[in-house]
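# Understanding the architecture of this molecule
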Amino acid sequence: MADITVNTRLIPAKDAPETPLRRAMRRLLRRKSAVFGLAVVAFFVALAVFAPLLSPYDPIAQSWTLVRHPPSLSHWFGTDDLGRDILVRVIYGTRASLLAGVISVGIALSIGVPLGLAAGYLGGFLDALIGRMTDAMLACPFLILAIALAAFLGPSLGNAMIAIGVTATPIFVRLTRGQVLAVKMEDYVEAARAVGNPRWRIVFVHILPNIMPALLVQATLSIAAAIIAEAALSFLGLGQQPPEPSWGSMLNSAQRFLINAPWMAVWPGLAIFLTVLSFNLVGDGLRDALDPREIGRS
Amino acid sequence: MLNLLGKRLLQLIPTLFFVSVLIFSLQQLLPGDPALIMAGEERDPAVIEQIRQQYHLDRPIAVQYLYWVQGVLSGNLGESMRIHVPVLDLILQKLPVTIQLGSMAIVIALVIGISAGIISAIKKNTVWDYAANAFALWGISTPNFWLGIMLIFLFSVKLGWLPASGYVPLTEDWRASLASTIMPAFVLGNAIAAILMRHTRSAMLQVLESDYVRTARAKGLYERTVILKHAMRNALTPVITLGALEFGTLLSGAVLTEQIFTIPGFGKLIIDAVFNRDYAVVQGVVLVTATIYIALNLLADIAYVLVNPRLRT
Amino acid sequence: MRGFRWAAIAATYFILAGLATGQTTLRIGLAEDPDVLDPTLARTYVGRIVFASFCDKLFDTDQNLNVVPQLALSHSTSADGKTVTIKLRPGVKFHDGEPFNAEAAKFSIDRHASMTGSFRKPELAAVDHVDIVDPLTINVVLKAPYSPLIAQFTDRAGMMVSPKAAKEAGDKFGLHPVCAGPYKFVERIQQDRIVFEKFPDYWNKDNIHIDRVVFLPIVDSTVRLANLKSGALDLIERVLATDIKNVREDKSLKLATALELGYQGLDINVGNGAQSKNPLGQSAKVRQALDLAIDRDALNQVVFNGEFKPGNQWVSPENPYYQQAFPVAKRDVAKAKALMKEAGVSAPFDVDFMVPKGAETQAVAEVIQAMAGEIGINMKIRVTEFATSLKQAEQGNYQAYLLAWSGRTDPDGNTYIFFKCNAPQDSMGYCNADVDKLLDEARVPSELAARKAIYEKLTKTILEDVPKIYLYHRRILIAHTTKIDGYKQMPDGLVRVVGLSLK
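Fair warning: this is a prediction, and the values are worked out from it, not measured in the lab.

On to the interface of chain C and chain A. Reports of interface size often rely on the accessible area that becomes lost once the parts have come together. In this assembly, 25 residues from chain C lie in contact with 18 residues from chain A. Broken down by secondary-structure element, the contributors of at least two residues to the side of chain C that touches chain A are α6 (221–230), α10 (296–304), α12 (361–373) and β16 (377–384) of chain C. Taken together, the residues of the side of chain C that touches chain A break down into eleven nonpolar, eight polar and six charged.

Laid out in structure tokens, this is it:
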């Protein structure tokens, strides 16, 4: 997973004419590239949701008289090695990729954020322990860890998501911890502590909401990386199981027809590229929109 | 400063311990029996039992771990079960290949990342900014295995300009060597260009608003001179340092890229070992990779402190 | 005039070829990186291809699967079938200059049979000991008659190694192997290349015309083919059936093919643990129905452009041991459904279908899935890494398993270890006393007719019990440039370099 450093901190709202969220949205929507990204993401989400309505063919039914036909009017993206319509399979494959992206990042967040909060707020031995374990995981090649985990859990889309999620966790631990350390000393946290709030309340009510923007940015960028990781695992046969389509597994079977049927490799690859690019654009846009240094300029 | 360095070095010990535990649990995680996969079609129970004994696979995992740690501490990373070659020899054989590939990738990443970063900083919020941004972003947005396949299709299969696979050492024939590594290096470099581009952009934006650039402009210097002579020099030093340190990330990226281009480097060594359940090789390579990564990160921290004198407490 | 010019060019070429500048190199693209290059410890198919160029065996096979002498001259079996006398070729030297004789032959066979970690042990399990009769004759004494022995000597168990080098290197012999083949080992860079050079003292040196042989493992089939087309390779193995058209259309390439000795089959868990407790595992009728539901011609057409050979037995229809009385049945869905009904299976049921990860296996599995679905068998595909699938098959953690066997020259190698009760490869959990008896009987006679009669009974039982469904036989597909002259493909898939020349 790309190691993207995020440096965002939300300035506490002081008599702002609009809420921070609103301002962020307004600023986000002013960035054309982010708007483009949002639109493409929305488009793919729509594809995933309405796949059965949009598809003129069955994504699984084979037709052995139509094997590896190039793109034509009846099959816009051509057909694959078992005579299935590639356009339909790309549309259905959207489900696997988006689910993999969102769920694996969800897993990473739900493990990584509590650990990061604990490490950052409580400090001491726990912090050191979590910190060194995080360092160790980050030091090992991401794909090797994911392959080992996915192979261990057994090949399926769900297990691939878990494998990616667990492997992506250290990034969130590290980010959360750093953010907590920065926010911990802010006046309003000190104030909450002075008033005698319990620890959990300080962490969840006063700290967590303030580090949300940074997490949001990283989550968006991580979804992009997770979609690529899912494709890589499926490409290696450790993700979505046939006959259900996924972009990675489509590329896997396309690989041996590169000379005879290059269209089999082009479309799923383009779909991955577009989706991932869009999530990256949205993530970058969010970062700029939430960056306090940029506020003076808006 | 020394204090900080000492603290960081001390932290290495538990980190390396966790790395070793993680590496060893890979062996437990990976399903399948290495003795069985070794045997392949020749599955005879007696022979398989013998292999298990020979490689201590019949011992409890904790005992196997101790054997391994003992070996590592005395400089012995074990031996490949598959080809009976010491793991250290394999690593020394592959490391130069991946270093060459990685260096070329870094250069490519710096060229793409810095130029895109400068353009988008100077032409902030214009079409140029977006275009440069998109160009840098397409690198991390493309799965590198797909980009690899497409490049092979275009430049090797269709055009026949570059070899589709293989590796020629620099010492043997430098032209052939460059030809054999340029595509994989591009695929790898492309993926980190975006990170460098983001850093260049923000560093340039900061520098362009600094006093001395304003002074330079006020002196009536050409804009080009201002940017090339004054702004760039200051903005790029940290970016180039960062680029060099991205080498650790590259080792991870090399896993699939080397596989696609049949480059006999670290990445191919490890992924083949994973699929062949050649434990000693997996463990040795991950250990070396992780150590390089940790060392580079340490250097990065030190460099960061040196660049930001305020942090020297 | 023209003839004269050619002769002149040819003469010049040969003079030049004698000089260092005219070195000829044969570059062979392999589909995998071979394992250790020690014939005792080796176990991969791809490794056998490499061995063929540097490690001669006692015997070899020809295009019609007849045993022909290589380092041996002849063999004879005693009346009780328990002593096999082998005469050795005189004047043969190993790469290190050591002589090949009865002592060396005994050493090599003993090493195969007893070394720690030897994969040849099961192949030579019938061997009791080896006696030296005279410097060029050995007696292989058997525990029980074992007619496939000579066939074993046509493969790695018959490869002869230099005793001196082997003793010195121990289990590191594979790092620098010393044999008596046409080429000798120069260097190996793991996952990159293995280099061999001509052995000047080879016993058959007049038939060696190329100076060096280099093997390059390139996993991706498209990349391998691209390298052949661009001239970076001279010969590649395992061309995909779907790329054949492409090779044929290219005037600078030639295709050499032979039908394999092995098969692609479908193992069915009939008695290996709890997973066998399902209609498919419990009822032979349901298995016969599945067999009838599969359209082997369509499968071959869709996945392999019709280039492979549909089959229903452990040997291909072109093999002398094929039983003509049991031809490949046509697909018959109605009959399959009737069989299902007879077996009392009315509702569709799921089958856990384990498929090893591989370029073509997944497509094969998907086609079978579609065909089986029509008679109410839902094959749930589970693509599993090969490493994992072996373990899970052994543990009985599957209901159907798509598994190929590379095949052996002798039909014993395609049957015994699979169908004998508790045999190493019997992961189906199949056990039938009649079958066990037939398997042992078939090992006694050495004439084809007598053995074939025994195998006919075996075939009948297996086709009724259906622990395995045989699907098709792959074609060994080797493509080479037209620069190579004299290439012939043998059914064992090996690439033989003796007699080849480069234009």
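Additional details are given in the paragraphs that follow.
In terms of nonpolar packing, the biggest core is built from 338 residues, with Ile 144, Ala 146, Ile 147 and Ala 232 of chain A, Leu 196 and Ile 270 of chain B together with Val 367 of chain C touching the most fellow members. If we skip the residues at most four places from it in the chain, Val 367 of chain C touches Gln 62 and Leu 82 of chain A together with Leu 299, Val 302 and Val 303 of chain C.

All names here are of chain B. Interhelical geometry of helix α6 (residues 127–141) versus helix α8 (residues 174–208) gives an angle of 135° and a closest axis separation of 6 Å. Taken together, the axis directions place α6 and α8 in an arrangement best described as oblique. Considering the relative orientation of α6 and α8, their crossing is left-handed. Each of Ala 136, Leu 137, Gly 139 and Ile 140 in α6 lies in contact with α8, whose residues at this interface are Asn 190, Ala 191, Ala 193, Ala 194 and Met 197.

With 40 residues of chain B at the interface, the matching set in chain C holds 36 residues. Those elements that provide at least two residues to the side of chain B that touches chain C are α2 (34–39), α3 (45–54), α5 (87–122), α7 (144–158) and α12 (266–276) of chain B. Tallying contributions element by element places α3 of chain B first for the side of chain B that touches chain C, with six residues. When the residues that make up the side of chain B that touches chain C are grouped by side-chain class, the tally is 20 nonpolar, eleven polar and nine charged.

This next bit is on the packing of helix α11 (residues 263–290) of chain A against α6 of chain B. Relative to each other, α11 of chain A and α6 of chain B sit at 120°, their axes nearing to 9 Å. Relative to α6 of chain B, the element α11 of chain A is oriented oblique. Relative to α6 of chain B, α11 of chain A is oriented so that their crossing is right-handed. Across the interface between the two elements, Phe 273, Val 276, Leu 277, Asn 280 and Leu 281 of chain A from α11 of chain A touch Leu 137, Trp 138, Ile 140 and Ser 141 of chain B from α6 of chain B. Residue classes in the contact of α11 of chain A with α6 of chain B are distributed as seven nonpolar, two polar and no charged.

Okay, the sheet that holds strand β13 (residues 263–268) of chain C next. All names here are of chain C. Strand order in the open sheet made by the six strands is β14-β18-β13-β17-β15-β16, with mixed pairing throughout. Edge strands, defined here as strands with exactly one partner in the open sheet, are β14 (309–310) and β16. Of the strand pairs in this sheet, β13 and strand β18 (residues 468–473) are connected by four bridges, and their pairing is antiparallel. Looking across to β18, one finds that Gln 264 is bridged to Tyr 472. Sheet strands touched by α10: β14 and β18. Its angle to β18, the strand with the most contacts, is close to 45°. Running over the sheet, helix α13 (residues 386–394) touches β15 (349–356), β16 and β17 (400–405) and is turned about 130° from β15.

Calculation rules
Residues numbered from 1 in each chain as written. Chains lettered and ligands numbered in written order. Predicted model: local features only at pLDDT ≥ 70, side-chain atom pairs only at ≥ 80, totals over all residues. Contact = placed C-beta atoms within 7 Å. Helix = DSSP H or I, 4+ residues; strand = E, 2+ residues; numbered from the N terminus. Nonpolar A, V, L, I, M, F, W, Y, C, P; charged D, E, K, R; others polar. Core = buried A, V, L, I, M, F, W, Y, C linked by C-beta atoms within 7 Å. Buried ≥ 20, exposed ≤ 12 C-beta atoms within 10 Å, placed from the backbone. Axes fitted to C-alpha atoms, helices over the stretch in contact; angles between N-to-C directions. Parallel < 35°, antiparallel > 145°, perpendicular 65-115°, else oblique. Left-handed = near helix turned anticlockwise from the far one by under 90°. Pairing = 2+ DSSP bridges.

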